[in-house]
Every structure is written in structure tokens, then in C-alpha cells.
Amino acid sequence: LSPPNDPKTNTGNAVFSPDGNTIVFTKCQPSMENRMKCKLYRSVKDGATWKESVEIKNLNSEEGNSTEPAYGVDKEGKTILYFVTDRKGAKGLDIFYAAVNSDGTFGAPVSAGDAVNSVGDEVTPFYDKKNKVLYFSSDGHPSLGGLDVFKIAGTPGNWTTGAINAGVPINSQADDLYLALDEKAARGFEVSNRIGTTS
């Protein structure tokens, strides 16, 4: 699919807006230090095609990465965008969010708070809109080993629980991340390098 793909960058972590007319995704390319530098972009649907991608500059950071977007809602039910960043002020990789404005632009990035973000890394957010639960993976909250999937109920600034380990069988002694559920929150997928996987 081009756009949003282009031959000069690694493109991934794509999510569709609730109305299906916008894709938000990550573009990564090597930095001067030969490390990957990732930024968020968006592309808007125009009929049956997608317009050229545009950098979401106010969500990106010159000193850090912005990646792994996921749509959610705030306490008023308005759409927000979660993403992962190691920008200044973050404690490693942290989950931030921004309001989605009526014209498709984004508000200022805000930390999801200490109930979500630990001194370790928090990655791969997914919001279960039906049950109002944010799922994410972390190696900073008490885990079974490596990255574990955690869940927290509510919305930013209005979390009704603390971060809860999703437990076995979702988690293992290996890394477990990228949990995603269907619309009924009855079935889903995750990525894991636990014993029994091929790599």
C-alpha cells in the first residue's frame, strides 16, 4: 500500500481511526548514532486511495521516539490516541496520549500517569473500548518474567484500578506483548517468545 509506505523508511504499527478514514503509523529510519529513530505519521483516505503521509509533528520529539499508536477514549467518551515514547520527561519508554480534534489534528501529548508508567518500559498499548480497559506490556511492574501484559480500567486521569498483571496463560516467564482483542473483547492475539514458539 503506497502511500503510506515508502522505500526510504521502515513503516509499521499502523492503526485505523474509529471511522476508518485515517491511518496513524510509525516510520523509522537510522539516526546519526546508527540507532532507529521512530516518528508518528498519518494518512487520510481520499476515495479509494490514501493521501501522502504527513508527520504528526506535535506528537513527535527530536530527542526521543514516538511509536506504537492505539486509539482509545477519554472520560467524556471522546477519541484519544495512545502512543509510546522515550521523550524528555519519560522514565524509559512510557505511554502517552493526545486528544483527537474534530479536524483530525492532535492535542498536546500527556503522560498516561504513574499508575501506568513505571521506572521500566511500557509498550504496545491497546484499548478495549467495550470494557474501558487499557492493556499494555511492561517490564517495570511486578511480572512473571520479561515483558508481561497488564491491564488498567478507566481512562487517563480517571483510572478506576491500578495496573493489574493479566496473569497466566496470557503471561509467561518470557516476553508477552502486542495484546489485541476483537470488538467483543472475547478473542485476541498476542506476541510471545515463550517456550514452544518458533523464534
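The rules we used
- Residues numbered from 1 in each chain as written.
- Predicted model: local features only at pLDDT ≥ 70, side-chain atom pairs only at ≥ 80, totals over all residues.
- Heavy atoms only, no water.
- Pairing = 2+ DSSP bridges.
- Helix = DSSP H or I, 4+ residues; strand = E, 2+ residues; numbered from the N terminus.
- Disulfide = S-S within 2.5 Å.
- Buried < 20%, exposed > 50% of the residue type's maximum accessible area, 1.4 Å probe, protein only.
- Contact = heavy atoms within 4.5 Å.
- Phe/Tyr/Trp six-rings, centres within 6.5 Å; stacked < 30°, edge-to-face > 60°.
- Lys NZ or Arg CZ within 6 Å of the ring centre and 35° of its normal.
- Core = buried A, V, L, I, M, F, W, Y, C linked by side-chain atoms within 4.5 Å.

1. Notes on the sheet that holds strand E7 (residues 79-85)
The four strands lie next to each other as E6-E7-E8-E9, forming an open sheet whose pairing is antiparallel. Each edge of the sheet is formed by a strand with only one pairing partner; in this case those strands are strand E6 (66-73) and strand E9 (110-111). Bridge count for E7 against strand E8 (residues 94-99) is six bridges, and the pairing is antiparallel. Within the sheet, the bridge partner assigned to Ile80 lies in E8 and is Ala99.

2. Observations regarding the state of the cysteines
If you walk through the whole model with that rule in mind, you get one disulfide. Across the disulfide, Cys28 is cross-linked to Cys38 (sulfur-sulfur distance 2.0 Å). The chirality of the disulfide connecting Cys28 with Cys38 is right-handed, given an S-S dihedral of about 110 degrees. Placement of Cys28 in strand E2 (residues 22-30) and of Cys38 in strand E3 (residues 36-46) is noted, with a sequence separation of ten residues between them. There is no split in this pair, since Cys28 and Cys38 are both buried.

3. Re the environment of Ala112
Mapped onto the elements, Ala112 comes out in the loop between E9 and strand E10 (122-128). Judged by relative accessible area, which is 4%, Ala112 ranks as buried. Along the sequence, Ala112 and Thr155 sit 43 residues apart, while their C-alpha atoms lie 8.9 Å from each other. Setting aside residues no more than four positions away along its own chain, Ala112 makes contact with Ile95, Phe96, Tyr97, Asn117 and Trp159.

4. Thoughts on the packing of aromatic side chains
For the structure on display, the rule yields six aromatic pairs. Taken together, the ring pairs in this structure connect Tyr82, Tyr97 and Tyr127 into an aromatic cluster. The ring of Tyr41 carries the charged tip of Lys27 above its face, separated from the ring centre by 4.8 Å. Its guanidinium or amino end placed over the ring of Phe96, Arg87 lies 5.7 Å from that ring's centre, counting from NZ or CZ.

5. Description of the nonpolar core
A general trend in soluble globular proteins is that nonpolar side chains are found buried together. Counting residues in hydrophobic clusters, the biggest one holds 18 residues, and the most contacted among them are Tyr82, Ile95, Val116, Leu134, Phe136, Ile152 and Trp159. Those elements giving two or more residues to this core turn out to be E6, E7, E8, E10, strand E11 (133-138) and strand E12 (148-155). If one sorts the elements of this core by residue count, E7 sits on top with three residues. Core analysis: the next-biggest nonpolar cluster, separate from the first, contains twelve residues, Val24, Leu59, Phe96 and Ala98 among them.

6. What to know about the pairing of E12
With respect to burial, E12 is a largely interior element, seven of its eight residues being buried. The pairing of E11 with E12 spans six bridges and is classified as antiparallel. Bridging from a neighbouring strand, Phe136 pairs with Phe150 of E12. Where E12 lies against strand E14 (residues 164-165), two bridges are found, and the strand directions are antiparallel. Across the sheet, residue Lys151 finds its bridge partner in E14, namely Ile164. Relative to strand E13 (residues 158-159), E12 runs antiparallel, the two sharing two bridges. Bridge pairing in E13 places Gly154 opposite Trp159.

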